[in-house]
Amino acid sequence: MSHPNPPWIVYKMRGKDAPLSARARASGNDAFRQAQWESAAHFYTDAICLAPLESAELGAAYGNRSAALFELAQWRACIDDISCALALPAVSPGAHEKLLRRRDACKKDSFDSQDDALSPEAVSSNIATRITADEGRFLVAGDAGFQSNVVLVDNERPLACVANEGAHVCWSCLSSPLCLIPCDRCRHARFCSVACRAASAYHESTDCASAPPLSPRLRLAARLLFEFPSVDWSASVTLSHDAHELRGSAAAAALARTSRTDPDVAPVAAYLRASLPDYERDISAQLLGALQRVDANAFAVRHRRSRSRGALESAEDVAVGIATYALSSLFNHACAPNCAATFTGGCISVRTTRRVVGGDALTVSYGPLASREPTDARKAALSDRYGFSCRCAACAANAPASALLLRCPRGCSGAVRPPAERHAAIACASCGGELDASVAQVLRDGRAHTRGAQQALQKGNTEGALAEARAGVALLAAVLHPSCLAMGEAYDIMAQCFVEKGSFREAADAVEKSIIAAVEAFGEGSLEVEAERAKLHSITVHL
């Protein structure tokens, strides 16, 4: 289905640029010569997305990426890239012959082992829904309840998803293969397959020609309208806490208010109106309703990426896009949740992180965690982002974040909140023992040393980093509770320093102390604790 270009944009084959493509390909060649095959493949993907159609640069980029994929034993993807290169008229005879030899060398009999099929979507039968005036519709545990680490939702596919700008993922399904193919018109969108590219009519209809691309939330709202035209999204629009269906001038006025904070909203509504002439509902009201649904229910999709520093293996979560789900979007928020979500591509899986009693709400964190931030900061962040005042158990208890727990001066196990003001006196919540306000300065100095250790590591100064880490841990250990998350993070940085020095026994001891804090903050069986245990294993193999 073909659509006109958005009326507010002059279309200029945005981003298709042979010189930029050549620069990206040169970076890929540098990585290839250093045997950094995955990095080379990513650079070649950038070159492919930048290269003009039918150009010699496009054929060279596909050919180069096929070489990186061959080294990675990605036979099927290698042959696909070779086919793309051979189909272009600008491929030289010498390159043509080299590509044919590479294609013949691919191990075609191993294709079946390279299928990355997801397990079938599954949902626990022990989940029920509940509706209340205050919290709307949400999920609760069935009568039997759940033990820790039970999978509740397994690979639920999104209703709709969009990628963040610059993320190396498919703009249609959020999968992250090494091989991505470009949009024929713009350089930003990329897809994991021809099928995903063909299914991306929403992209062509909203932001293919926009410069820069629209915000992810606006793209997701437009995709919901485009792919689910029969849904009345305006039913989700709220005014003054009451649900209303917006029509006519009311919708136009609400659209104008929204456009003050997101100037792309009104033009997108105008373009959708032009692109969907048979759409029977008020586009302005529908777009506002879809935007509110996105703001209230969309998940930030995060992919876990492994990284290594010497002998230390670790992982980090990278935000790649946002998505909405039919079931999983019904998980309510809690600052100390009993469930955690993970993602494979755009598909979501949710599992319990501790025992859940039958009838209790099943919750995930929308971002803020009681283990990391004080109550006021969490409530403010949730109000700004989602428009509600959090009343979860952690907020109601107003407990200090475990990231900020201080030692009691009398040696009891009570929690001590650090002072909000630099010179304010504070006392233990259990025994009343007072701490001097200078504790706050010790805390700041300790954290400054740990930041210095990180900076020294980045510069390759191992001895300096270790000295800073030791100084930071010594200061923090004098004032922080052993289960405090900030204490665990300081030990984690010290472990990195010991690994760089080759002192694996000391590194393992530091990670074990970090695990104590992670268990207290996130619970046994949590993703964070599992990541720390994996880190410990990567160190102990060297002992």
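Residues numbered from 1 in each chain as written. Predicted model: local features only at pLDDT ≥ 70, side-chain atom pairs only at ≥ 80, totals over all residues. Heavy atoms only, no water.

### Comments concerning the overall build of the chain
Consideration 1: The helix and strand inventory of the chain stands at 18 helices and 17 strands.
Consideration 2: Scored against the burial criterion, the 543 residues of the chain give a buried share of 47%.
Consideration 3: Split by element, the accessible area of the chain, about 25,500 Å² in all, is 51% carbon and sulfur. (Helix = DSSP H or I, 4+ residues; strand = E, 2+ residues; numbered from the N terminus. Buried < 20%, exposed > 50% of the residue type's maximum accessible area, 1.4 Å probe, protein only. Areas by Shrake-Rupley, 256 points an atom, 1.4 Å probe, with all protein chains shown as cover.)

### Brief notes about the pattern of salt bridges
Consideration 1: Evaluation of the coordinates by the stated rule reveals ten salt bridges.
Consideration 2: The shortest N-O distance in the salt bridge between Glu57 and Arg25 comes to 2.5 Å. With Glu57 in helix H3 (residues 56–71) and Arg25 in helix H1 (residues 18–33), this pair connects stretches of sequence that are 32 residues apart. (Salt bridge = Lys/Arg side-chain N within 4 Å of Asp/Glu carboxyl O.)

### Quick notes on the side chain of Ser514
Consideration 1: Assignment of secondary structure puts Ser514 in helix H17 (residues 504–522).
Consideration 2: With residues up to four places along the chain from it excluded, the contact list for Ser514 reads Gly488, Tyr491, Asp492 and Glu532. (Contact = heavy atoms within 4.5 Å.)

### Quick word on the confidence of the model for the chain
Consideration 1: Overall, the predicted model of the chain reaches an average pLDDT of 77, with 77% of residues at or above 70.
Consideration 2: Taken element by element, the predicted model of the chain shows its lowest mean pLDDT in strand E9 (residues 242–243) (32) and its highest in strand E15 (residues 363–364) (92).
Consideration 3: Counting interchain partners and residues more than four positions distant, the pLDDT-below-50 stretch residues 111–120 has 14 contacts.
Consideration 4: When the criterion is pLDDT under 50, residues 236–251 qualifies, and its contacts beyond four places in sequence or with other chains add up to 35 contacts. (pLDDT = per-residue confidence, 0-100.)

### What to know about unusual backbone geometry
In terms of backbone geometry, most residues other than glycine have negative phi values and most peptide bonds are trans.
Consideration 1: At Ala35, a residue that is not glycine, the phi angle is positive and equals roughly 65°.
Consideration 2: Exposure remark for Ala35: the relative accessible area of 41% places this residue in the partly exposed category.

### Brief notes about the nonpolar core
Consideration 1: By size, the foremost hydrophobic cluster in this structure holds 87 residues, and its most contacted members are Leu152, Phe191, Leu225, Leu287, Phe331 and Leu362.
Consideration 2: With seven residues, helix H8 (residues 216–227) is the single largest residue contributor to this core.
Consideration 3: Excluding its chain neighbours within four sequence positions, the residues that come into contact with Phe191 are Cys170, Trp171, Ser172, Cys179, Leu180, Ile181, Pro182, Cys183, Cys196, Arg197, Ser200 and His203.
Consideration 4: Residues Cys484, Met494, Ala495 and Val499 belong to the second largest nonpolar core, which totals 31 residues. (Core = buried A, V, L, I, M, F, W, Y, C linked by side-chain atoms within 4.5 Å.)

### Considerations on H1
Consideration 1: The terminal C-alpha atoms of H1 lie 22 Å apart, and with 16 residues this matches the ideal 22 Å at 1.5 Å per residue to within 8%.
Consideration 2: Restricting attention to buried positions, one finds in H1 the residues Ser21, Ala24, Gly28 and Ala31. Taken end-on, H1 shows its buried residues confined to a sector of 80°, consistent with a single buried face. Of the exposed residues in H1, the ones pointing more than 90 degrees away from its buried face are Pro19, Arg23 and Arg33.
Consideration 3: Buried positions along H1 lie against helix H2 (37–50) and H3.
Consideration 4: In this structure Asp17 caps H1, since a side-chain oxygen of it lies 3.0 Å from the backbone nitrogen of Leu20.
Consideration 5: Count one or two residues on from H1 and you reach Ala35, which has phi positive near 65°. (Expected span 1.5 Å × (residues − 1). Arc of directions from axis to C-beta. Polar contact = N/O pair within 3.5 Å; in protein donor to acceptor, adjacent residues only side chain to side chain.)

### A few points about the packing of H1 against H3
Consideration 1: As a packed pair, H1 and H3 sit with axes 10 Å apart at the nearest point and diverge in direction by 20°. Between H1 and H3, the interaxial angle falls into the category roughly parallel. For the pair H1 and H3, the crossing hand works out as left-handed. Seen from H1, the contacting residues are Ala18, Ser21, Ala22, Arg25, Asn29 and Phe32; seen from H3, they are Glu57, Ala60, Ala61, Asn64, Ala67, Ala68 and Glu71.
Consideration 2: For the contact of H1 with H3, the residue count by class is seven nonpolar, three polar and three charged. (Axes fitted to C-alpha atoms, helices over the stretch in contact; angles between N-to-C directions. Parallel < 35°, antiparallel > 145°, perpendicular 65-115°, else oblique. Left-handed = near helix turned anticlockwise from the far one by under 90°. Nonpolar A, V, L, I, M, F, W, Y, C, P; charged D, E, K, R; others polar.)

### Focus on the pairing of strand E2 (residues 127–132)
Consideration 1: Pairing analysis gives six bridges linking E2 to strand E3 (residues 136–141), with the strands arranged antiparallel. Pairing of Ile131 across the sheet is with Arg137, part of E3.
Consideration 2: Between E2 and the antiparallel strand that follows it, E3, lie three residues. (Pairing = 2+ DSSP bridges.)

### Topic: the packing of aromatic side chains
Consideration 1: Counted according to the given criterion, the structure contains four aromatic pairs.
Consideration 2: With a centroid separation of 5.8 Å and an interplanar angle of 75°, the aromatic rings of Phe299 and Tyr325 are classed as edge-to-face. Here Phe299 is found in strand E10 (residues 299–309), whereas its partner Tyr325 is found in the loop between strand E11 (312–324) and strand E12 (332–333), with 26 residues between them in sequence.
Consideration 3: Each ring, one from Phe299 and one from Phe343, has its centre 6.3 Å from the other, and the planes form 65°; the classification is edge-to-face. (Phe/Tyr/Trp six-rings, centres within 6.5 Å; stacked < 30°, edge-to-face > 60°.)

### Re the environment of Ser172
Consideration 1: Inspection of the secondary structure puts Ser172 in the loop between strand E5 (160–163) and strand E6 (181–182).
Consideration 2: When its relative accessible area of 8% is taken as the criterion, Ser172 is described as buried.
Consideration 3: Between the alpha carbons of Ser172 and Cys192 there is a distance of 8.1 Å; along the sequence they are 20 residues apart.
Consideration 4: Not counting residues up to four positions away in its chain, the partners in contact with Ser172 are Cys161, Phe191, Cys196, Tyr202 and Arg223.

### Section: the environment of Leu288
Consideration 1: Relative to the helices and strands, Leu288 is located in helix H11 (residues 283–297).
Consideration 2: Overall, the relative accessible area of 8% leaves Leu288 in the buried class.
Consideration 3: Placed 23 residues apart in sequence, Leu288 and Val265 show a C-alpha to C-alpha distance of 8.7 Å.

### Brief notes about the state of the cysteines
A covalent bond bridging the sulfur atoms of two cysteines is what the word disulfide describes.
Consideration 1: Tallied over the entire structure, the rule returns zero disulfides.
Consideration 2: Cys192 carries a free sulfur, and the closest cysteine sulfur to it, the one in Cys173, is 3.6 Å from it. (Disulfide = S-S within 2.5 Å.)

### Observations regarding the side chain of Thr324
Consideration 1: Residue position: Thr324 is located in strand E11.
Consideration 2: Classification of Thr324 by relative accessible area gives buried; the value is 4%.

### Details of the environment of Cys497
Consideration 1: If you trace the backbone, Cys497 turns up in helix H16 (residues 485–501).
Consideration 2: With relative accessibility at 0%, the residue Cys497 sits in the buried group.
Consideration 3: Measuring from C-alpha to C-alpha, the distance between Cys497 and Ala465 comes to 6.3 Å, with 32 residues separating the pair along the chain.

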